[in-house]
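Read off the chains here:
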Amino acid sequence: MTEALEHAVVPPVSDADPFAHDVLLHPGPLHQALREAGPVVYLARYDVHALARYEQVHAALVDWQNFESGSGVGLANFRHEKPWRPPSLLLEADPPRHDAPRRVLREILAPPGLRRLRETWHALAEELVDQVLTDGAEFDGLAVLAEAFPLRAFPDAVGLGPDGRDNLLPYGNMAFNAFGPRNDLVAADAHRVAELSAWVNARCAREALSEDGFGARIWSAADRGELTYEQAPLVVRSLLTAGVDTTVHGLAACLYAFATHPAEWQRLRERPELARTAFDEAVRWQSPVQTFFRTATTDVTIAGTLIPADTKILMFLGAANRDPARWHDPDRFDLTRDPSGHVGFGMGIHQCIGQHVARLEAEALLTALARRVERIELTGTPHRHPNNTLRSWASLPLRVQPAD
Amino acid sequence: MVGSSAVADAGSDIGEGRSAPRNAATLTVSAKEEVAEGVVSLTLAHPRGARLPDWTPGSHIDLVLPEGTTRQYSLCGDRWDAYTYRIAVLREPVGRWGSPRSSEAGSGGVAGSGGVAGSGGVAGSGRGSAYVHDRLRPGDPVGIGGPRNHFPLVPSEKYLFIAGGIGITPLLPMVRQAELLGADWQLLYGGRTRSSMAFREELTGAYGGRVRVVPQDELGLLDLAAWLGTPRPDTRVYCCGPAPLLTAVEAACASWPPYALRTERFTAARQTPPVREAPFEVVLRRTGRTVTVTPDVSVLEAVRSAGADVLTSCEQGTCGTCLTPVLEGRPDHRDSVLADHQRAADDCMLLCVSRSCGDRLVLDL
């Protein structure tokens, strides 16, 4: 360690702004520049070190001992700045406080526990696809499929009532913007923070949740002493914050991928069991969650560069997922690729706890579409929606040709 | 700091980033040390210095010895050290108690709901401990499964920890954690004699008055009723030790609120056949292909080589992405994900770490 500090490498410096609109809308060129500049790049504008190569991003993600989350996983350092809301007990917590909420939620969302949802969601997806095709062959795929399906399936599974679900996407958009700098995107949400937070917080109460959903099971864990009653609503809040926008933009990434790669759509139609792989490949290729920060708990070196204690690092998940040192022909969406090991869901103790839920939603929707749709194509230019963390969409104009 | 996953010889740098070691299940004994009369501690590390799977206090691992026996031991080291595990092994006469093994946490409170699901002792368990004491040496390879945790530290303002003998092992990381959390805690630690009680000095040195050491030959049996006092809703009681101690603690906690007491019992591991040394066959039902899995490859690697598409993520048995339906055969489960009842159903397995008990598995691939 001492020796490493003495020989610390001075990293290349970049004055780029990863949160500028043009970069958020087209992150590829910056990602490539950062990867090529070195294993660690200093971003002068925000006084943080950035990692864009797969090797370093993966290593930092799993190393919770040296890179903590409790000081926030956005640019703000909670040691010095007040969080905009009470911190998440999962995303923004470290061991040992992270243990109990993680354990409870992991058991509820583990694959064996989701089996009972499988039939329900496949039926729901069939119903939705039938309805969409009945309404016409041209539509905004973002609204009628990528948003409509998770906004029905997931809140049902959590146990939310039918009213006010249109608040979920704006709340998520706000929460994911808040990980970035206090730029115009954060300012644009400011007038709704109080209202949306109040709505979401009210949904986390036991009496607001159905008796058989994920939410009720979180409260039952509190009855058994596995969580405190103070923790239970915050764990429910994690589901509502992290479980909707991410899946919506992951599904939109799938639709965009297939609309622009017709041969891959034919491959999925021939082998619908590839639906999960297709979803993970789309998550690798588009990386709906683009970035997260960590905070060094001590002086740490990464590839020879000193990361001083109490400073932030910015991990570019999207850049790591297209690192040519890890992936062959990384810019290509390819169902023959094995996307295993991508960091689109993160890695390590904070890895997306809802990944199995997301895969099940994707499997249901893609399987239903593959059965009913011969071809998907764009009818216009899809529009992105800038967000400080999410690779998100504003519209995805599609035309489908139903199968005979 | 040392590298993340694959290589440690880079010294102070984060090393190679490709996820899991190829054979995560084989570790090396890096140190062996007598820590009390009849108790040795083993330090285990990855042969190439990779990070080991993360764990939480109360976790145990399966230790697969070169002679083929599998024993379960609580992790008693420091989870902030991602590169080693520590366990402590009591030399037991053949036919005496086995290793700590938890009750199902879900069985919950003492009053009415039972508290302890595990059954009693097991014959023949001394064999594994004798091997560890007499034959296992630094540098030797050992197989591991897990870590798994049936004995997690739940949030509480106050904790009362009760250890009997080698039952101190899961409680050791717990008291450290209670301290870190700023909880109010006490430890009552009983044993046959002072010199037989592992980690006694470490505990009294670090925590002083919070720890009460009661060697039976000097001070007699533990006075549980007096030490536990009146039931308190803000307190959780954790106990690990031999069956008579647990029975006594259950009785002493009978009037405590439900879920107040959590126990881990010295009991039999689920009766598992010896670890399979021989290759086995895996049949991929959908394609009809059969592939032979030799001891040096994982089921995951084998089925991929036979053309099966299996999505994975952590490849350490912790994330659950590669969970695959098992149509025939009995898996040898080594993951950290499935609960006991899910393992016992034998209808699914994690291909990255789990193997086969028998000659053949049929997978829905």
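Predicted model only: the values in this text are computed from it and were never measured.

Engineer: Explain the overall build of chain A here, please?
Structural biologist: For chain A, the count of helices and strands is 17 helices and 13 strands. By the compact-globule yardstick of 22 Å for 404 residues, chain A fits well, its C-alpha radius of gyration being 21 Å. With the principal axes as the frame, chain A shows a C-alpha extent of 70 × 50 × 40 Å. Within chain A, the proportion of its 404 residues that are buried is 54%. Looking at chain A alone, contacts between residues at least 24 apart form 75% of all its contacts between residues at least 6 apart.

Engineer: Please explain the overall build of chain B as it appears in this structure.
Structural biologist: From N to C terminus, chain B includes eight helices and 19 strands. Each of the 365 residues in chain B was classed as buried or not, and the buried ones make up 50%. Within chain B, residue pairs in contact and separated by at least 24 positions form 69% of the contacts whose partners lie at least 6 positions apart.

Engineer: Is there a simple way to explain the nonpolar core in this structure?
Structural biologist: Soluble globular proteins tend to bury their nonpolar side chains together. Membership of the largest hydrophobic core comes to 209 residues, with the highest contact counts inside it found for Cys254, Leu255 and Phe316 of chain A together with Phe161 of chain B. Formed jointly, this core draws a minimum of three residues from each of two domains, domain 1 (158-266) and domain 2 (280-363) of chain B.

Engineer: Just checking my understanding: could you explain the sheet that holds strand S5 (residues 138-140) of chain A for this structure?
Structural biologist: Two pairing modes exist for strands in a sheet, parallel and antiparallel, and in both the strands are linked by backbone hydrogen bonds. Residues and elements named next belong to chain A. As summarised here, the arrangement of the three strands in space is S5-S13-S10, forming an open sheet in which the pairing is antiparallel. On the outer flanks of this sheet lie S5 and strand S10 (373-378), each paired with one strand and no other. Strand-to-strand twist of the sheet, defined as the mean angle between neighbouring strand axes without regard to direction, takes the value 30 degrees. Here helix H13 (residues 245-260) sits on the sheet in contact with S10 and strand S13 (397-402), set at roughly 95 degrees to S10.

Engineer: Looking at this structure, how should I read helix H6 (residues 243-252) of chain B?
Structural biologist: Each turn of an α-helix holds 3.6 residues, which means side chains three or four residues apart point in the same direction. Residue and element names in this part refer to chain B. Restricting attention to buried positions, one finds in H6 the residues Leu245, Leu246, Val249 and Ala252. Along the long axis of H6, the arc covered by the buried residues comes to 125 degrees, so they all point the same way. Exposed residues pointing more than 90 degrees away from the buried face of H6 are listed as Pro244 and Ala251.

Engineer: What is the right way to look at the environment of Gly190 of chain B in this model?
Structural biologist: All names here are of chain B. On the secondary structure map, Gly190 appears in strand S9 (residues 184-191). Put simply, Gly190 and Ala163 are 27 residues apart on the chain and 6.2 Å apart in space, counted from C-alpha to C-alpha. If near-sequence neighbours (up to four positions away) are discounted, Gly190 is found in contact with Gly164, Val214, Gln216 and Leu222.

Engineer: What's the story with the environment of Leu245 of chain B in this structure? I'm lost.
Structural biologist: If you trace the backbone, Leu245 of chain B turns up in helix H6. Sequence-wise, Leu245 of chain B and Tyr83 of chain B are 162 residues apart; in three dimensions their C-alpha atoms are separated by 34 Å.

Engineer: When you look at the environment of Gln401 of chain A in this model, what are you seeing that I'm missing?
Structural biologist: Residue and element names in this part refer to chain A. Here Gln401 lies in strand S13. Among the residues examined, Gln401 registers 11 C-beta atoms within 10 Å and is labelled exposed. Taking C-alpha positions, Gln401 is 9.2 Å from Glu138, a pair spaced 263 residues apart along the chain. Other than its neighbours up to four places away in sequence, Gln401 contacts Ala137, Val373, Glu374 and Arg375.

Engineer: I keep staring at the packing of helix H8 (residues 168-177) of chain A against helix H10 (residues 193-203) of chain A and nothing clicks. Help me out?
Structural biologist: Geometrically, a packed helix pair is captured by the angle between its two axes and the distance between the axes. Residue and element names in this part refer to chain A. In contact at an axis separation of 10 Å, H8 and H10 are set at 115 degrees when each is read in the N-to-C sense. Relative to H10, the crossing made by H8 is left-handed. Along the contact surface, H8 presents Pro170, Tyr171 and Met174, while H10 presents Val193, Leu196 and Val200. Of the residues in the contact of H8 with H10, the class split is six nonpolar, no polar and no charged.

Engineer: Looking at this structure, how should I read the interface of chain A and chain B?
Structural biologist: Reports of interface size often rely on the accessible area that becomes lost once the parts have come together. On the chain B side, the residues contacting the 42 residues of chain A number 34 residues. Listing elements by their share of the side of chain A that touches chain B, those giving two or more residues are helix H1 (2-6), helix H4 (54-62), helix H5 (99-109), helix H6 (111-135), helix H15 (275-286) and strand S7 (300-302) of chain A. Ranked by the residues each element gives to the side of chain A that touches chain B, the list is headed by H4 of chain A, at seven residues.

Engineer: When you look at unusual backbone geometry in this model, what are you seeing that I'm missing?
Structural biologist: A negative phi angle is the norm for most residues apart from glycine, just as the trans form is the norm for most peptide bonds. All names here are of chain A. Omega for the bond connecting Pro95 with Pro96 falls within 30 degrees of zero, at 0 degrees, which places this linkage in the cis form. The topology assignment puts Pro96 in the loop between strand S4 (67-68) and H5. A positive phi angle, near 50 degrees, is found at Ser287, a position not held by glycine. As for its position among the elements, Ser287 is in the loop between H15 and strand S6 (291-296). Since 27 C-beta atoms lie within 10 Å of it, Ser287 is described here as buried.

Engineer: Teacher, can you tell me more about the sheet that holds strand S15 (residues 323-328) of chain B here?
Structural biologist: Residue and element names in this part refer to chain B. Reading across from one edge, S14-S13-S19-S15-S17 is the order of the five strands in this open sheet, with mixed pairing throughout. In the strand order of this sheet, the two ends are held by strand S14 (289-293) and strand S17 (348-350), each with one partner. Within this sheet the neighbouring strands show an average axis-to-axis angle of 40 degrees, counted without direction. Bridge count between strand S13 (residues 280-284) and strand S19 (residues 360-363): four bridges; the pairing is parallel. Considered in S19, the bridge of Glu281 is made with Arg360.

Engineer: What is the right way to look at the confidence of the model for chain B in this model?
Structural biologist: Predicted coordinates in areas of low pLDDT are best not read in detail. Residue and element names in this part refer to chain B. Here chain B averages 84 in pLDDT, while 82% of its residues score no lower than 70. The low-confidence segment residues 1-24 (pLDDT under 50) makes 77 contacts with residues lying over four places distant or belonging to another chain. Below pLDDT 50 for its whole length, residues 95-124 participates in 100 contacts with residues either more than four positions away or in separate chains. For this predicted complex, the interface confidence comes out at an ipTM of 0.94, alongside a pTM of 0.91.

Engineer: So what exactly am I meant to see when it comes to H6 of chain A here?
Structural biologist: Helix length check: H6 of chain A (25 residues) gives 34 Å between terminal C-alpha atoms against 36 Å at 1.5 Å per residue, within 8%. The largest bend in H6 of chain A comes to about 45 degrees, at Leu117 of chain A. Listing the buried residues of H6 of chain A in full gives Pro111, Trp121, Ala125, Leu128, Val129 and Val132 of chain A. At its buried positions, H6 of chain A is contacted by S5, helix H7 (141-158) and helix H17 (355-372) of chain A together with S15 of chain B. Where H6 of chain A ends, the next residue or the one after it, Gly136 of chain A, has phi of about 145 degrees, a positive value.

Engineer: Please clarify how the packing of helix H11 (residues 214-223) of chain A against helix H12 (residues 231-242) of chain A should be interpreted in this entry.
Structural biologist: All names here are of chain A. Remark: H11 packs on H12, axes separated minimally by 9 Å, with the N-to-C direction vectors making an angle of 155 degrees. In terms of their interaxial angle, H11 and H12 are classed as roughly antiparallel. By crossing handedness, the relation of H11 to H12 is classed as right-handed. Only Ala232, Val235, Val236 and Leu239 of H12 make contact with H11, whose side of the interface consists of Phe214, Gly215, Ile218, Trp219 and Ala222. Residue composition of the contact of H11 with H12, by class: eight nonpolar, one polar and no charged.

Rules behind the numbers
Residues numbered from 1 in each chain as written. Chains lettered and ligands numbered in written order. Predicted model: local features only at pLDDT ≥ 70, side-chain atom pairs only at ≥ 80, totals over all residues. Helix = DSSP H or I, 4+ residues; strand = E, 2+ residues; numbered from the N terminus. Rg over C-alpha atoms; globule rule 2.2 N^0.38 Å. Buried ≥ 20, exposed ≤ 12 C-beta atoms within 10 Å, placed from the backbone. Contact = placed C-beta atoms within 7 Å. Core = buried A, V, L, I, M, F, W, Y, C linked by C-beta atoms within 7 Å. Domains from an automatic or database assignment. Pairing = 2+ DSSP bridges. Axes fitted to C-alpha atoms, helices over the stretch in contact; angles between N-to-C directions. Arc of directions from axis to C-beta. Left-handed = near helix turned anticlockwise from the far one by under 90°. Nonpolar A, V, L, I, M, F, W, Y, C, P; charged D, E, K, R; others polar. pLDDT = per-residue confidence, 0-100. Expected span 1.5 Å × (residues − 1). Bend = angle between axes of the 7 residues up to and from the residue. Parallel < 35°, antiparallel > 145°, perpendicular 65-115°, else oblique.

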